[in-house]
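Commentary on secondary and tertiary structure
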Amino acid sequence: MSLENRVLSKYIPEHIAIIMDGNGRWAKRIGMPRTFGHKKGSENLKDIALVCNEIGIKALSVYAFSTENWSRPKAEIDYLMALPAEFKEVFKGKFKDNDIRVIFSGRKDRFPKKVQELIIDVEEKTKERKGLILNICFDYGSYTEILDGVKEISKKFKKGDIKLDDITEDLMHDHLYTRELPRLDLLIRTSGEERISNFLLWQLAYSELIFVKKHWPAFNRKELFKALDNFQKRNRRFGGLKEDKS
Ligand code: IPE
Ligand code: IPE
Ligand code: MG
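Remarks on the site of ligand 1
In the vicinity of ligand 1 lie 13 residues, with D21, G24, R25, R34 and R72 positioned nearest. N23 places a main-chain nitrogen or oxygen 3.2 Å from an oxygen atom of ligand 1. In the environment of ligand 1, an oxygen atom lies 2.7 Å from a nitrogen or oxygen atom belonging to the side chain of R72. Considering ligand 1 on its own, with 370 Å² of exposed area, one finds that the protein chains cover 87% of that surface. Of all the elements in the fold, those that place two or more residues in the shell around ligand 1 are α2 (23–29), α3 (34–54) and α4 (74–86). With three residues, α2 is the single largest residue contributor to the shell around ligand 1. Considered class by class, the residues forming the shell around ligand 1 number three nonpolar, five polar and five charged.

With respect to the site of ligand 2
In the neighbourhood of ligand 2, the contacting residues comprise I19, M20, D21, Y63, A64, F65, N69, R72, R189, R195 and S197. A distance of 2.8 Å separates an oxygen atom of ligand 2 from a polar atom in the side chain of R195. The biggest single contributor to the shell around ligand 2 is strand β2 (residues 59–66), with three residues. When grouped by side-chain class, the residues that make up the shell around ligand 2 number five nonpolar, two polar and four charged.

Topic: α3
With 21 residues, α3 should reach 30 Å at 1.5 Å per residue; the first-to-last C-alpha distance of 30 Å fits that figure. A positive phi of about 90° marks G56, the residue just after α3.

Section: the packing of α3 against helix α10 (residues 221–232)
At their nearest, the axes of α3 and α10 sit 10 Å apart, and the two run at 50° to each other. Viewed along their axes, α3 and α10 adopt a mutual orientation that is oblique. For the crossing formed where α3 meets α10, the hand is right-handed. Every residue of α10 that contacts α3 at I48, V51, C52 and E54 is listed here: R221, L224 and F225.

A short note on the sheet that holds strand β5 (residues 186–189)
Strands sit in the order β3-β4-β2-β1-β5-β6 across an open sheet of six strands; the sheet is parallel. Each having just a single partner strand, β3 (101–105) and β6 (208–211) make up the two edges of the open sheet. Here the average twist between neighbouring strands, direction ignored, is 20°. Looking at chain direction, β2 and strand β4 (residues 133–140) are connected through seven bridges and run parallel. Bridging across to β4, S61 finds its partner in N135. Set on the sheet, helix α7 (residues 113–126) makes contact with β3 and β4; between it and β3 the angle comes to about 140°.

Topic: the pairing of β3
Counting buried residues along β3, five of its five residues qualify, which places the element largely inside the surrounding structure. Burial of β3 is two-sided: the residues R101, I103 and S105 facing one way and the residues V102 and F104 facing the other way are all buried. Relative to β4, β3 runs parallel, the two sharing five bridges. Directly across from S105, in β4, lies its bridge partner C137. One crossover worth recording links β3 to the parallel β4 by way of α7, and it is left-handed.

Calculation rules
Residues numbered from 1 in each chain as written. Chains lettered and ligands numbered in written order. Predicted model: local features only at pLDDT ≥ 70, side-chain atom pairs only at ≥ 80, totals over all residues. Heavy atoms only, no water. Near = heavy atom within 4 Å. Polar contact = N/O pair within 3.5 Å; in protein donor to acceptor, adjacent residues only side chain to side chain. Areas by Shrake-Rupley, 256 points an atom, 1.4 Å probe, with all protein chains shown as cover. Helix = DSSP H or I, 4+ residues; strand = E, 2+ residues; numbered from the N terminus. Nonpolar A, V, L, I, M, F, W, Y, C, P; charged D, E, K, R; others polar. Expected span 1.5 Å × (residues − 1). Axes fitted to C-alpha atoms, helices over the stretch in contact; angles between N-to-C directions. Parallel < 35°, antiparallel > 145°, perpendicular 65-115°, else oblique. Left-handed = near helix turned anticlockwise from the far one by under 90°. Contact = heavy atoms within 4.5 Å. Pairing = 2+ DSSP bridges. Buried < 20%, exposed > 50% of the residue type's maximum accessible area, 1.4 Å probe, protein only. Right-handed = clockwise from strand over helix to strand, strands pointing away.

And the structure:
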């Protein structure tokens, strides 16, 4: 059986996350500026989102810009801030044809006004779509996400709207950006780095982690299927005891 057919005959994860790392290194290797890597990386995101939608994944969370990435040179930041606008045609075109909804997770208050408006517009215009939810994590950091959630919960507690015993895992989940998405099954990080870099710390509690050598612009359909195949061979125990798949 082909790799694709094997993967498609088994459990397809509902929610996968990708740390799209290695754009700069990919570009450097072919003698191009880092920004060229970001351009190819954003084009690749479109392709991978379409594949995820095609095979029935419900949500794809991608790390596009971290709360720490503001420390990069201004020219690189300016380039990255212009990328969502480049995507506009895709949101209206290919993504519309495939019923893909787009949401953004992150701070939303530090972008140029144009980017803020675009984000609101895209979320609004795609909100009725029923296919894949593409969750673009942009000015995203897990510390901020969790702290903001804790502050919201604290306000409700102070007002007397909730009691101490109401503060549960489910309530915390409901105060995260990912509240609408299924539980996270799998995280893939490209480019060989084996760290989390402040991404989805709460959501990753029982996710499977896969680190691949390929840089993000070179992570194609075949690489995605290889990662899914790897995921399907894992024995997820969630702290309990389950049958050995080996
Ligand atoms: C990931 O690629 C994209 C962003 C962080 C915005 P990098 O820009 O981190 O590329 P490398 O890791 O330096 O190669
Ligand atoms: C993580 O990559 C953030 C994104 C992919 C957007 P980084 O390149 O910023 O992470 P570090 O600095 O290698 O940990
Ligand atoms: Mg990097």
